[in-house]
Amino acid sequence: MMLNLEDYRRMAQRALPAFAFDYVDGGADDERTLADNRAVFDRWQFVAPVLKDASVRDLSVTLGDTTLAAPFMIAPTGYNGMLRYRADQMLAQAAGHAGISYIQSTVSTASLEDMPAGRKGAHWFQLYVLKDRRVTVDLLRRAREVGCASLVVSVDAVHFGNRERDKRHYRKPMKLSLGSYLNVARHPGWVLRTLVPGGMPGFGNLKPYLPPQFRRGVGGATYFAQQMDDTLDWQTLAWIRSLWQGGFYVKGILTVEDARAAMAMGADGLILSNHGGRQLDGSVSPLTVLPDIRLACGPAARILIDGGIRRGTDIVKALALGANAVLVGRPMLYAVAVAGEAGVAQAITLLTQEIDRTLAQLGCRSPAELGPHLLRRRES
Ligand code: FNR
């Protein structure tokens, strides 16, 4: 029975070959930040008032011209086609129907043009900045043409994190070990759902920019890693801002100084993130720095956080500490791996119900009524 997002994780571990599950589930180095992203939510406890009429509730929040039916959206994740054929489309479709947004990654297996045309504000695009500036200009043009409402520029993966769980499955980069192949053979359902319909998924969105020898299968990954612009700085970010008219968010911010600089540069909002514990191990978790960043940026800044969000109570804590909304990554991938679009739809419903129940139990009718007065930091 699927009662919560952790149930989807357990089921995904069975449904996916180990290399694919670990690609999603893993973090960098010793995975301390990955663990802390969960643990940080336990450092705060609710102090719930009683006898307040919260019988009628509205969960929606507005971020510029995007209204979300509930205060979360699906985080950008690359290479989703490894979990199931057309996983990106399923994630986007389920998000669209539920009235939330899906952020499509630069390195998604689906091209921007092959995504379902959803409601206004449903489709956002996440940009990785590559060395070749023409790629950025072209990706932004394409994102605009398919109607992406907002742009998220991720700035925390310029140098890739050390993901050892991944490495153990390969004998050399992009070549699975014999053990991994045997493990794949024990997951015929995954082969049927993923490889049989479309072959080995490739970097569909980047395909126009890849040299021919990298166009098939995972070959693009190595090329992509080499093409990441490791000179990325504030000046380049300001140039990208000047090319984009819609909502503009910087993802991967964790310091007050960077938050101020991003807003001063003309960002509409920030996504506080340590990339789900996949980049700098030992990094602080977004929830920890959220109150200071909210204070520094003021009430008008749109501040989102992500990492380790698995329950509606986690989302409500983030909102009470100053977030406008949150992003959810891995759980949606587990859901699409286990049950496709219906799985994602159910995962969204479960989270929405949990948020609704938490608001009710806190005596709040909407996210706007949440605040730090409803939380207390645990003493030990
Ligand atoms: C990611 N993340 C990510 N972020 C990004 O900006 N572009 C990307 O292509 C990816 N790719 C990616 C793949 C996978 C498999 C994962 C798990 C994560 C990071 C992602 O957007 C988000 O910050 C984290 O996933 C949030 O943490 P949780 O919810 O997964 O704990």
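Residues numbered from 1 in each chain as written. Predicted model: local features only at pLDDT ≥ 70, side-chain atom pairs only at ≥ 80, totals over all residues.

Looking at an unreviewed UniProt entry, one finds the protein named Alpha-hydroxy-acid oxidizing protein and attributed to Acerihabitans arboris. The UniProt entry for the protein carries the following comment under Sequence similarities (unreviewed entry): "Belongs to the FMN-dependent alpha-hydroxy acid dehydrogenase family." Per UniProt, the protein has the following entry under Cofactor (unreviewed entry): "FMN". (UniProt positions renumbered as here; feature names shortened; annotations may be inferred.)

A word on unusual backbone geometry. Peptide bonds are mostly trans, and most non-glycine residues show a negative phi. The phi dihedral of Asp-29 falls on the positive side, at around 45°, and the residue is not glycine. If you trace the backbone, Asp-29 turns up in the loop between α2 (18–25) and α3 (32–42). The class of Asp-29 is partly exposed, set by 16 C-beta atoms lying within 10 Å. If you check the backbone angles, His-275 has positive phi at about 65° while not being a glycine. Note on placement: His-275 falls in the loop between β11 (269–272) and α12 (286–297). (Helix = DSSP H or I, 4+ residues; strand = E, 2+ residues; numbered from the N terminus. Buried ≥ 20, exposed ≤ 12 C-beta atoms within 10 Å, placed from the backbone.)

This part is about the site of the ligand. In the vicinity of the ligand, 24 residues are found, and the nearest of them are Gly-78, Ser-105, Ser-154, Gly-276 and Gly-329. Residue assignment for the shell around the ligand shows that the elements contributing at least two residues are α2 and β13 (325–328). (Near = placed C-beta within 6 Å.)

Under the UniProt annotation, the feature "binding site: glyoxylate" (unreviewed entry) is placed at Tyr-23, Tyr-128, Arg-163, His-275 and Arg-278. Mapping Tyr-23 onto the fold places it in helix α2. Its 19 C-beta neighbours within 10 Å are what place Tyr-23 among the partly exposed residues. Examined against the element boundaries, Tyr-128 turns out to sit in the loop between β6 (123–127) and α5 (133–145). You can call Tyr-128 buried: it has 23 C-beta atoms within 10 Å. The contact partners of Tyr-128, leaving out residues within four places of it in the chain, are Thr-106, Val-107, Ser-154, Ala-157 and Met-228. (Contact = placed C-beta atoms within 7 Å.)

Right, let's talk about the packing of helix α1 (residues 5–15) against helix α14 (residues 330–361) for a bit. Two elements in contact, α1 and α14, have axes whose closest approach is 10 Å; the angle formed by their N-to-C orientations is 165°. Here α14 runs roughly antiparallel to α1, going by the angle between their axes. Crossing handedness for the pair α1 and α14: right-handed. Residues Leu-5, Tyr-8, Arg-9, Met-11, Ala-12 and Ala-15 of α1 lie in contact with α14, whose contacting residues are Pro-331, Tyr-334, Ala-335, Ala-337, Val-338, Gly-343, Ala-347 and Leu-350. (Axes fitted to C-alpha atoms, helices over the stretch in contact; angles between N-to-C directions. Parallel < 35°, antiparallel > 145°, perpendicular 65-115°, else oblique. Left-handed = near helix turned anticlockwise from the far one by under 90°.)

On to the nonpolar core. The biggest cluster of nonpolar side chains holds 106 residues, and the ones touching the most others in it are Leu-91 and Val-326. Counting residues per element, this core draws most heavily on α14, at 15 residues. Sequence-distant contacts of Val-326, defined by excluding residues within four places in its chain, comprise Pro-71, Phe-72, Leu-304, Ile-305, Asp-306, Ile-309, Ile-315 and Ala-318. (Core = buried A, V, L, I, M, F, W, Y, C linked by C-beta atoms within 7 Å.)

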